[in-house]
Amino acid sequence: MAMESAIAVLEDMEKLSSIGDANDSNYEVYTRFMKSHRCYDLVPTSSKLVVFDTSLQVKKAFFALVSNGVRAAPLWDSKTQGFVGMLTITDFINILHQYYKSPLVQIYELEEHKIETWREVYLQDSFKPLVSISPNASLYDAVSSLIKNKIHRLPVIDPLTGNTLYILTHKRILKFLKLFISEMPKPDFMSKTLEELNIGTYHNIAVVNKNTPIYVALGIFVEKRVSALPVVDESGRVGDIYSKFDVINLAAEKTYNNLDITVTKALLHRSQYFEGVLKCYKHETLETIINRLVEAEVHRLVVVDDNDVVNGIVSLSDILQALVLTGGGDLSSESEQ
């Protein structure tokens, strides 16, 4: 499969180059690239995929996410014999935020509820079908679906067998594009700055300080629908970042019954080595930003001024939307933190 995909990619690269040469504007070169490749091209020959039955206890499911090193899992409903949704770290955050009382009161709903019970309580009458994609669909369709539905994970489901093959993410798609980007004609917008292209979020940036309790941070995640919170000092300078992924450490360490501790204390227990906040500046080019995101394998960069004061956030979603859907155009109204 990997060899066939590589040959197909190289053939498509030749087509794209000839199209680019014939066209005065290369603004849509990445759009054409995405339209000429299928989701199947990104499915690795082997990868870990965890699936949960909706009858599983919520707590056990989150522990399983931690022990398997994954951020999300498709949910299988034995009654309907089909996939009905995804369980993600966002669910863990929503449960903690909704039911936490104090360090002295056990979170019954987390300890005892099954996934199906949580879904009934949380979704109530807003059940939506699982957003998924066929392996034969184009990567352009995948990017469009991720951004239109404001989701970060897109299950690739085989329409014939009904099996989930892989979970597509913004990170995986951008990494795939980056592999072949040097073979394509470079659009002018790649040499323009974030400020010129107006890519990212620069208003009402949600932040926390080092003394913010975890419970308050969870509330911001829920209400603002953001995926990371820069930790700033009294001058607004960024010194750390608390992301949704960091919250899963509460499950790993079984410390979710005390959400009154500060964000700073919680971040001392990171499960992975932390190299520091990944930052960028408005005057840096889109090409520089993409290289930094892919090499660091992060989901966002914090945009700062010369004094490290937070100015904004630029996410993988912002970048893919700029490259694929708008050809480097203005994204200020569509951005997400």
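Throughout what follows, the structure given in this document is the object of discussion.

## Re the pattern of salt bridges
Move 1: Taken as a whole and judged by the stated rule, the model has six salt bridges.
Move 2: For the salt bridge of Asp233 with Arg237, the shortest nitrogen-to-oxygen distance reads 3.3 Å.

## Here's the deal with empty space enclosed by the protein
Move 1: Within this structure, the stated rule accounts for one cavity of 30 Å³ or more.
Move 2: Counted as a void, the largest cavity has a volume near 50 Å³.
Move 3: In terms of lining, the largest cavity is formed by Lys171, Leu174, Lys175, Leu293, Val294, Glu297, Val298 and Leu316.
Move 4: By residue number, the principal contributor to the lining of the largest cavity is helix α8 (residues 170–180), which donates three residues.
Move 5: Residue classes in the lining of the largest cavity are distributed as five nonpolar, no polar and three charged.

## Examining the sheet that holds strand β10 (residues 300–304)
Within a sheet, adjacent strands bond to each other through the backbone by hydrogen bonds, running parallel or antiparallel.
Move 1: Pairing within the open sheet is mixed, and its three strands lie in the order β9-β10-β11. Looking at the sheet topology across the chains shown, the edges are occupied by β9 (279–280) and β11 (310–315).
Move 2: Taken together, the two bridges between β9 and β10 define a ladder with parallel strand orientation. Along β10, the bridge assignment pairs Cys280 with Val303.
Move 3: Relative to the sheet, helix α14 (residues 286–296) contacts β9, β10 and β11, its axis offset from that of β10 by approximately 130°.

## With respect to the packing of helix α7 (residues 139–148) against helix α15 (residues 316–325)
Move 1: Two elements in contact, α7 and α15, have axes separated by 10 Å at closest approach and are oriented at 135°. By the angle between their directions, the pair α7 and α15 is classed as oblique. Crossing angle aside, the handedness with which α7 passes α15 is left-handed. Residue-level contacts link Tyr140, Val143, Ser144 and Ile147 of α7 to Ser317, Leu320, Gln321, Val324 and Leu325 of α15.
Move 2: Counted by class, the contact of α7 with α15 contains six nonpolar, three polar and no charged residues.

## Here's the deal with the pairing of strand β2 (residues 72–77)
Move 1: Along β2, five of the six residues are buried, which leaves the element largely enclosed by surrounding structure.
Move 2: Relative to β2, strand β1 (residues 52–53) runs parallel, the two being bridged by two bridges. Within the sheet, the bridge partner assigned to Phe52 lies in β2 and is Leu75.
Move 3: Bridging between β2 and strand β3 (residues 82–88) involves six bridges; their strand directions are antiparallel. Each residue of the ladder has a partner; that of Ala72, found in β3, is Thr88.
Move 4: Remark: four residues form the turn of the hairpin made by β2 and β3, two consecutive strands paired antiparallel; Gln81 in that turn has positive phi of roughly 55°.

## Quick word on α14
Residues spaced three or four apart along an α-helix face the same direction, because each turn holds 3.6 residues.
Move 1: Turning to α14, its buried residues number three or more, namely Leu286, Ile289, Ile290, Leu293 and Val294. Relative to the axis of α14, the buried residues are bounded by an arc of 125° and lie together on one face.
Move 2: In this structure, the buried residues of α14 make contact with α8, α9 (194–197), β9, β10, β11 and α15.
Move 3: Taken from the residues just after α14, Glu297 is the one with a positive phi, measuring 55°.

Basis of the calculations
- Residues numbered from 1 in each chain as written.
- Predicted model: local features only at pLDDT ≥ 70, side-chain atom pairs only at ≥ 80, totals over all residues.
- Heavy atoms only, no water.
- Salt bridge = Lys/Arg side-chain N within 4 Å of Asp/Glu carboxyl O.
- 1 Å grid on protein atoms, 1.4 Å probe; cavity = no way out; pocket = protein on both sides within 12 Å on 5 of 7 lines; lining within 4 Å.
- Points joined across faces, edges and corners; volume = space filled by probe spheres on them.
- Helix = DSSP H or I, 4+ residues; strand = E, 2+ residues; numbered from the N terminus.
- Nonpolar A, V, L, I, M, F, W, Y, C, P; charged D, E, K, R; others polar.
- Pairing = 2+ DSSP bridges.
- Contact = heavy atoms within 4.5 Å.
- Axes fitted to C-alpha atoms, helices over the stretch in contact; angles between N-to-C directions.
- Parallel < 35°, antiparallel > 145°, perpendicular 65-115°, else oblique.
- Left-handed = near helix turned anticlockwise from the far one by under 90°.
- Buried < 20%, exposed > 50% of the residue type's maximum accessible area, 1.4 Å probe, protein only.
- Arc of directions from axis to C-beta.

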